[in-house]
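Descriptive structure summary
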Amino acid sequence: MGRLFNPRGVAVVGASTNPGKIGYRIVENMVKSGYIGQIYPINPKGGEILGWTVHRSLADVQGDVDVAVLSVPANHVPAAVADCAAKGVGHLVVVTSGFSEIGNIAQEKEIVSIAHAHGMRVLGPNIFGIYSASCRLDATFGPGGILPGHVAIITQSGALGIAMIGKTAAESLGLSALISVGNKSDIDEADLLTYLAEDPETRVVLLYIEGVKNGERLVRTLRHVTKRKHVVVIKSGRSARGAMAAASHTGSLAGADDVFDDIMRQCGVLRAESVQEAFNWVRFFATAPLPSGEDAVIVTNGGGIGVLATDACEKYGVRLYDNQPILANAFAEVMPEFGSSKNPVDLTGQATSEDYARSLDAVFARADMHAAVALYCETALFDTSQFATLLRSMYRKYESTKPIVFALFGGARMEAMIRELRSEGIPVFGDVYEAVSVLGALYRSARRLAEEDDDEQTTHDIDLERIRQVLGRAGAEGRGFLLAYEAAEVASALGLRMPRSILSRDLDEAVRAAETIGYPVVMKIVSKDIVHKSDAGGVALDLEDRDEVVDAYQAIMRSCLRYKPDAVMEGVEVVEMVRSGVETIVGARQDPSFGPVAMFGLGGIYVEVMKDVSFRAAPITARVAREMIGSIRSYPLLLGVRGERRKDIGAAADVVMRLGQLIAECREITDMEVNPLMVYDYGEGVKAVDVRILFHTQGGDAA
Ligand code: ACO
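Residues numbered from 1 in each chain as written. Predicted model: local features only at pLDDT ≥ 70, side-chain atom pairs only at ≥ 80, totals over all residues. Heavy atoms only, no water.

Examining the overall build of the protein
Definition in use: Strands are runs of DSSP state E lasting at least 2 residues, helices are runs of H or I lasting at least 4, and numbering of each runs from the N terminus. Accessibility here uses a 1.4 Å probe with only protein chains present; expressed as a share of the type maximum, an area under 20% marks a residue as buried, one over 50% as exposed, and anything in between as partly exposed. Only the protein chains shown count as cover for residues, with accessible areas throughout obtained via the Shrake-Rupley method and a probe of 1.4 Å. Charged-residue counts in this description rest on Lys and Arg as positive and Asp and Glu as negative, His and the chain ends being excluded. Charge coordinates come from a single atom per side chain, which is NZ of Lys, CZ of Arg, CG of Asp or CD of Glu.
The secondary structure content of the protein amounts to 24 helices and 30 strands. Within the protein, the proportion of its 703 residues that are buried is 56%. Carbon and sulfur atoms make up 51% of the accessible area of the protein, which amounts to about 29,000 Å² in all. Considering the protein, the positive charge centre built from 72 side chains and the negative charge centre built from 90 side chains are found 3 Å apart.

A word on a negative patch on the surface
Heads up, the condition is: Residues enter patches when their relative accessible area tops 30% and they take part in no salt bridge; the joining distance is 9 Å for like charges and 5 Å for the nonpolar side chains Val, Leu, Ile, Met, Phe, Trp and Tyr. Salt bridges are counted wherever a side-chain nitrogen of Lys or Arg sits within 4 Å of a carboxyl oxygen of Asp or Glu.
Taken together, Asp542, Glu544, Asp545, Asp547, Glu548 and Asp551 make up a surface patch of like negative charges. Here the negative patch gets three residues from one element, more than from any other, and that element is helix α20 (residues 546-563). Counting through the fold element by element, Asp551 comes out in helix α20.

Focus on the pattern of salt bridges
Within this structure, the stated rule accounts for 48 salt bridges. With its nearest N and O atoms 2.9 Å apart, the salt bridge here joins Arg271 to Asp257. Taken together, the residues span a long stretch of sequence, with Arg271 in strand β14 (residues 270-271) and Asp257 in helix α9 (residues 256-267) at a distance of 14 residues. Of the residues examined, Arg271 reaches a relative accessible area of 11% and is grouped as buried. Residues Arg479 and Glu477 are paired through a salt bridge, measuring 2.8 Å at the closest nitrogen-oxygen approach. Arg479 gets classed as buried once you look at its relative accessible area, which sits at 7%. Via salt bridges that share partners, Lys235, Asp257, Asp261, Asp262, Arg265, Arg271, Arg616 and Glu627 belong to a single interconnected network.

A closer look at the confidence of the model for the protein
Rules: Within a predicted model, pLDDT stands for the predictor's per-residue confidence, ranging from 0 to 100. What makes two residues a contact is simply this: any of their non-hydrogen atoms within 4.5 Å.
This prediction gives the protein a mean pLDDT of 91; 96% of its residues lie at or above 70. Segment residues 239-252 is flagged for pLDDT under 50; beyond a separation of four residues in sequence, or across chains, it makes 32 contacts in the model.

Details of the packing of aromatic side chains
Centre distance and the angle of the planes are the two values used to describe a pair of aromatic rings. For the record, the criterion: Two rings from Phe, Tyr or Trp (for Trp, the six-membered ring) form a pair when their centres sit within 6.5 Å of each other. Planes less than 30 degrees apart are called stacked, planes more than 60 degrees apart edge-to-face, and all others tilted.
In this structure the tally under the stated criterion is eight aromatic pairs. Their ring planes at 5 degrees and their centres at 4.3 Å tell us that Phe5 and Tyr195 sit as a pair that is stacked. Taken together, the residues span a long stretch of sequence, with Phe5 in helix α1 (residues 2-5) and Tyr195 in helix α6 (residues 189-198) at a distance of 190 residues. Here the two residues Phe5 and Tyr195 agree in accessibility, since each one is buried. Seen in terms of ring centroids, Phe260 and Phe594 are 6.1 Å apart; in terms of plane orientation they differ by 45 degrees. Their pairing is tilted. Here Phe260, found in helix α9, pairs with Phe594, found in the loop between β25 (582-591) and β26 (595-602); they are 334 residues apart in sequence, far enough to count as distant. For Phe260, a relative accessible area of 1% gives the class buried. A residue is classified by how much of its surface remains accessible, and Phe594, at 2% relative accessible area, is buried.

Brief notes about the nonpolar core
Definition in use: We define the nonpolar core as a collection of buried residues of types Ala, Val, Leu, Ile, Met, Phe, Trp, Tyr and Cys that are connected through side-chain atoms lying within 4.5 Å of one another.
Counting 58 residues, the largest nonpolar core has Phe5, Met30, Ile154, Ile179, Leu196, Leu222 and Phe594 as its most contacted members. Among residues more than four places away in sequence, those in contact with Leu196 are Phe5, Ala152, Ile154, Ala177, Ile179, Thr202, Val205 and Lys229. Counting 49 residues, the second-largest nonpolar core is a separate cluster that includes Ala272, Trp281, Ile298 and Tyr443.

Observations regarding helix α11 (residues 303-316)
For the record, the criterion: Expected helix span is computed as 1.5 Å times (number of residues minus one).
For α11, built from 14 residues, the straight-helix expectation of 20 Å at 1.5 Å per residue is met to within 8% by its first-to-last C-alpha distance of 20 Å. Next to the buried residues of α11 lie β15 (295-300), β16 (319-320), β18 (371-377), β19 (404-409) and α16 (432-450). Gly317 sits one or two residues past α11 and shows a positive phi near 70 degrees.

Examining the pairing of strand β6 (residues 91-94)
The cut-off we apply is this: Paired strands, as defined in this entry, are two strands with at least two bridges between them according to DSSP. Classification remark: right-handed applies to a crossover when, strands pointing away from the viewer, the course from the first strand over the helix to the second runs clockwise.
Residues His91 and Val93 point to one face of β6 and Leu92 and Val94 to the other, with burial holding for every one of them. Sheet topology places strand β5 (residues 67-70) next to β6; four bridges connect them, and they run parallel. Across the sheet, residue Ala68 finds its bridge partner in β6, namely Leu92. For the crossover from β5 across helix α3 (residues 77-87) to β6, the handedness is right-handed. Sheet topology places β6 next to strand β7 (residues 121-123); three bridges connect them, and they run parallel.

What about the environment of Phe285?
Within the fold, Phe285 resides in helix α10 (residues 275-287). When neighbours within four sequence positions are excluded, Phe285 is seen to be in contact with Val204, His230, Val232, Leu270, Val438, Ala441, Leu442 and Ser445.

Comments concerning the site of the ligand
Definition in use: Think of it this way: one heavy atom of a residue within 4 Å of a molecule or strand is enough to make that residue near it. Throughout this description, a polar contact denotes any pair of N or O atoms lying within 3.5 Å of each other; where both atoms belong to protein, one of them has to be capable of donating a hydrogen while the other can accept it, and for residues adjacent in sequence the pair is counted only when both atoms sit in side chains. Only Asp, Glu, Lys and Arg are considered charged in this grouping, and only Ala, Val, Leu, Ile, Met, Phe, Trp, Tyr, Cys and Pro are considered nonpolar; every other residue, Gly among them, is considered polar.
Near the ligand you find 23 residues, and of these Ser16, Lys21, Asn43, Lys45 and Ser97 are the closest. Between an oxygen atom of the ligand and a side-chain N or O atom of Lys21, the distance comes to 2.6 Å. Between the ligand and the protein, one listed contact pairs a nitrogen atom with a backbone N or O atom of Ile127 at 3.5 Å. When the ligand sits alone it has 1,000 Å² of accessible area, and the protein chains cover 71% of it. The leading source of residues in the shell around the ligand is helix α5 (residues 158-170), at three residues. When the residues that make up the shell around the ligand are grouped by side-chain class, the tally is 12 nonpolar, nine polar and two charged.

Here it is in structure tokens:
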């Protein structure tokens, strides 16, 4: 990737003298941005563009061409790629549209295969180009004027990316790189992130993603990059498309966006709600020092705005310094009698610029106060122009020491001051929530950067061969799902504890089974023709004695035959009645974007209403399993409420890891879930009450 970001020479194939054409704009931006390498405009007509000689063909170029930007119509692209191959070009930046995005997949593949055959990599097609600050290359057809800096933007959306160029300039946000990935035919986010992780100019990466291709690789890369740089993502499409088609709870709960959200968190990536929020964060990350701790101090001249900021701190996870005697002492000199040093440190409406300065000095003098949130409400007593000067000097004095953010509230003069200070790169906001949000985001990213290395992946002893045999037998019958006893066999090969169960062919066997297991028992119909057993009246619970087993057996047979008169009944399964515990659900599936994914959540009949679940990319380490269990809203139930004992969270985590390992190793399983997984008191383990498994039959689909 090095040569893509630092090319010695760049050819623009399809360069034009017509200022209305993209091929002209790209050359113009390259010239205007002051690209330090050689520019080779290519056009059969020859001539000159902005002082650069136009070559009639690439073959005429004498120097090295590390990058060729292609801006010729789609049908000319394959020939141009062949010319690039002949010239020994390293990277192709294919601006042209009209490939896989409109269904022209074959031609896109053709381009990539010619390129790969000649050792070239392809960026695009369907992109607006690339910007690289290190060689001052703006090879885009954007509006120009990109400021060099430390934020790298990778964007899938062309139009939004171009608009971001203007916005970064307007917000004085400096970029180290800007890359449009378009159709991602070859180079994708993972390739670029791998490069940017090592790029000394890049401190922050901002990703705009619409859809994830090859998510498993992206997850691996992101986990690596977030240990080195701040990574922020904006993803469009929060809707749960695709969930409807899913055949299991795990599937229907796995709204594409929830999975994305959880997996980004797993990777240590911060997801912004909006472009503005993302810009606020990356701008702050680009300059702010990492906090040495998490105790912040709010300095304000208004009680109300201080309370708002306190609420915002709670929302964004910003902890407030709370040693009251030290606070009282630290601010004693500046505090009027009716003020408060109780963090928010309220200097009251009569505070002067000097009071502010001395308060911030006090915060920065103490090593145990790690960040400052300075708030100001416009008052008639205060000279605003003087305040701007003070704020600027305070910021410059401390910007490399501790994170500091400002929120100012007032009229037109205030608004103008905010704009002015922001244009100088000072983190000033017109809203306390925005100010605290950037600090909270910095804390979260800093926690990830400081995290110890990922824990080792534990490999469980899973009998994969036996599992594959069960799948093979069911597949041979043309089924993409397992019957209960088959699923139980898989569960046992997976090392899960299930209730005791005996398959009985007739009434006598059922009675004997119940007596062997011990009352109370549960009885369930076993029939390939009945998938939804409860709907068919095929389940009877809590059978206390022989008579109840006999009655239930007959009732089950009657109602199942009524439900499906031609159903073939193989018998009934007599199962130990499981004592109750905390009902959870553990699932695993092949996610269309991220591949193997595991799920943990609160189970039971309200699972789909509560949607209290969390997802992680599999396989799952012990730490991730614990963390995903701890992230559901109902987690306190597992910790034990109202004097109950703590539950066996370790045993539940073990099940999550086992399912994660199976779904990652056995790709033919498309969906599986244990629902409910009863979690008992600490030391008493868990029980997998029901297990469902869907899989791909050879050459066919899952049920
Ligand atoms: N080698 C060199 N030059 C060539 C070749 C060739 N093989 N073939 C044609 N040319 C010349 C043409 O003669 C023309 O030069 P001229 O202006 O001197 O006549 C120039 O290359 C461009 O060719 P045109 O046929 O004029 O094509 P045009 O510039 O109109 O369009 C383009 C080409 C821009 C690639 C178009 O096909 C396209 O794909 N547009 C969409 C681009 C886009 O939006 N990408 C996504 C960005 S992100 C977003 O959504 C904003």
